[in-house]
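Residues per chain are reported as follows:
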Amino acid sequence: MARVKICGLTNQADLQAAVEAGTDAIGVISSVDVATSREVDRGTAAELIAAVPPFVTATLVSMPDDAEHAVELVKAIRPDALQLHGNFDADDLGYIRAETGVKVVAAVDHEATDRASALDGVADALLVDSTTDEGAGGTGETHDWEATGDLVETLTTPVILAGGLTPENVGEAVRVAAPFGVDVASGVERSEGSKDHTAVATFVRNAGREIEVPA
């Protein structure tokens, strides 16, 4: 059964709904270089992160300017994990982990297999997504799940599948790619930055229910 992260939470009500649905992790977006209604300011991010209960991983999702900026954000917001978007290399990830002590999830584009291999064993997890040219996720576009499944088999680092996932397709995605976890933002929204609580609960449930293909 794949672990689940509900990403792009902007308010306490959506956070509570995700927790009650049984999600394993939540994502709060702050300090990104793209225009999105899912982004919150640093103070709101810190408040939401602090409200996450034990045994749910509070994740800061960010596109910092550099490794030093990433460290500053983590120390100010105090998440359990940092989901890092942008062109950060293995040395950057090592520095951030050493300076903050938090887990680092590196986002990589689904076509950037060489980068995924270079970060294997360095990042705590790799988030394979359909990204923009700037490296941002949240595009709502699916990609080749079978190719991600090949990465899962070749990498030692846990792989998290993202990109265009919905309550309707997540079971099939888990069956095909067999990822460590799945990540959703737009697929469970009523509007950008606002979650559909029924969709959140259905997504969490269906992520643990792999679709069986008849023989």
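**Remarks on the environment of V28**
Here's step 1: The topology assignment puts V28 in strand β2 (residues 25-29).
Here's step 2: Counting along the chain gives 51 residues from V28 to P79, while the straight-line C-alpha distance between them is 9.3 Å.

**A look at the packing of helix α1 (residues 12-21) against helix α8 (residues 197-207)**
Here's step 1: Between α1 and α8, the shortest axis-to-axis distance is 9 Å and the interhelical angle comes to 30°. Judged by the angle between their axes, α1 and α8 are roughly parallel. For the pair α1 and α8, the crossing hand works out as right-handed. Residue-level contacts link A13, D14, A17, A18 and A21 of α1 to H197, V200, A201 and V204 of α8.
Here's step 2: Among the residues forming the contact of α1 with α8, the class breakdown is seven nonpolar, one polar and one charged.

**Section: the pairing of strand β6 (residues 125-129)**
Here's step 1: For β6, a buried count of five out of five residues is recorded, marking the element as mostly surrounded by other parts of the structure.
Here's step 2: Neither face of β6 is open: one carries A125, L127 and D129, the other L126 and V128, and all of them are buried.
Here's step 3: Taken together, the five bridges between strand β5 (residues 103-109) and β6 define a ladder with parallel strand orientation. Bridging from a neighbouring strand, A106 pairs with L126 of β6.
Here's step 4: For the crossover that starts at β5, traverses helix α5 (residues 113-119) and ends in the parallel β6, the hand is right-handed.
Here's step 5: Pairing between β6 and strand β7 (residues 159-161): three bridges, direction parallel. Residue pairing for β7: L127 is matched across the bridge by I160.

**Here's the deal with the sheet that holds strand β1 (residues 3-7)**
Here's step 1: The eight strands lie next to each other as β1-β2-β3-β4-β5-β6-β7-β8, forming a closed barrel whose pairing is parallel. Averaged over all pairs of adjacent strands, the angle between strand axes in this sheet comes to 25°, irrespective of strand direction.
Here's step 2: With four bridges connecting them, strand β4 (residues 81-84) and β5 associate as parallel partners. Looking at β5, one finds that Q83 is bridged to V105.
Here's step 3: Along the sheet, α8 makes contact with β1 and β8 (181-184), crossing β1 at roughly 155°.

**Some details on the environment of A46**
Here's step 1: Inspection of the secondary structure puts A46 in helix α2 (residues 42-50).
Here's step 2: Discounting residues that sit within four places of it in the chain, A46 has contacts with A76 and I77.

**Concerning the nonpolar core**
Here's step 1: Grouped together as the largest cluster of nonpolar side chains are 54 residues, with contacts concentrated most on I6, I26, V182 and F203.
Here's step 2: The element that contributes the greatest number of residues to this core is helix α3 (residues 67-77), accounting for six residues.

**Things to note about the pattern of salt bridges**
Here's step 1: Using the criterion set out here, one finds seven salt bridges in the structure.
Here's step 2: One salt bridge in this structure joins R175 and E172, with 2.9 Å as the shortest N-O distance. With R175 and E172 both in helix α7 (residues 170-177) and three residues apart, the pair spans about one turn of that helix.
Here's step 3: Residue R175 is classed as partly exposed on the basis of its relative accessible area, which comes to 33%.
Here's step 4: Close ionic contact of E189 with K195 constitutes a salt bridge, the shortest N to O distance being 3.3 Å. Like E189, the residue K195 is buried in the burial classification.

**So, the pairing of β8**
Here's step 1: Of the two faces of β8, the one holding G181 and D183 and the one holding V182 and V184 are both buried throughout.
Here's step 2: The pairing of β1 with β8 spans four bridges and is parallel. In the sheet register, R3 faces β8, and the bridge partner there is G181.
Here's step 3: For the crossover that starts at β7, traverses α7 and ends in the parallel β8, the hand is right-handed.

Reading the values: rules and limits
Residues numbered from 1 in each chain as written. Predicted model: local features only at pLDDT ≥ 70, side-chain atom pairs only at ≥ 80, totals over all residues. Heavy atoms only, no water. Helix = DSSP H or I, 4+ residues; strand = E, 2+ residues; numbered from the N terminus. Axes fitted to C-alpha atoms, helices over the stretch in contact; angles between N-to-C directions. Parallel < 35°, antiparallel > 145°, perpendicular 65-115°, else oblique. Left-handed = near helix turned anticlockwise from the far one by under 90°. Contact = heavy atoms within 4.5 Å. Nonpolar A, V, L, I, M, F, W, Y, C, P; charged D, E, K, R; others polar. Buried < 20%, exposed > 50% of the residue type's maximum accessible area, 1.4 Å probe, protein only. Pairing = 2+ DSSP bridges. Right-handed = clockwise from strand over helix to strand, strands pointing away. Core = buried A, V, L, I, M, F, W, Y, C linked by side-chain atoms within 4.5 Å. Salt bridge = Lys/Arg side-chain N within 4 Å of Asp/Glu carboxyl O.

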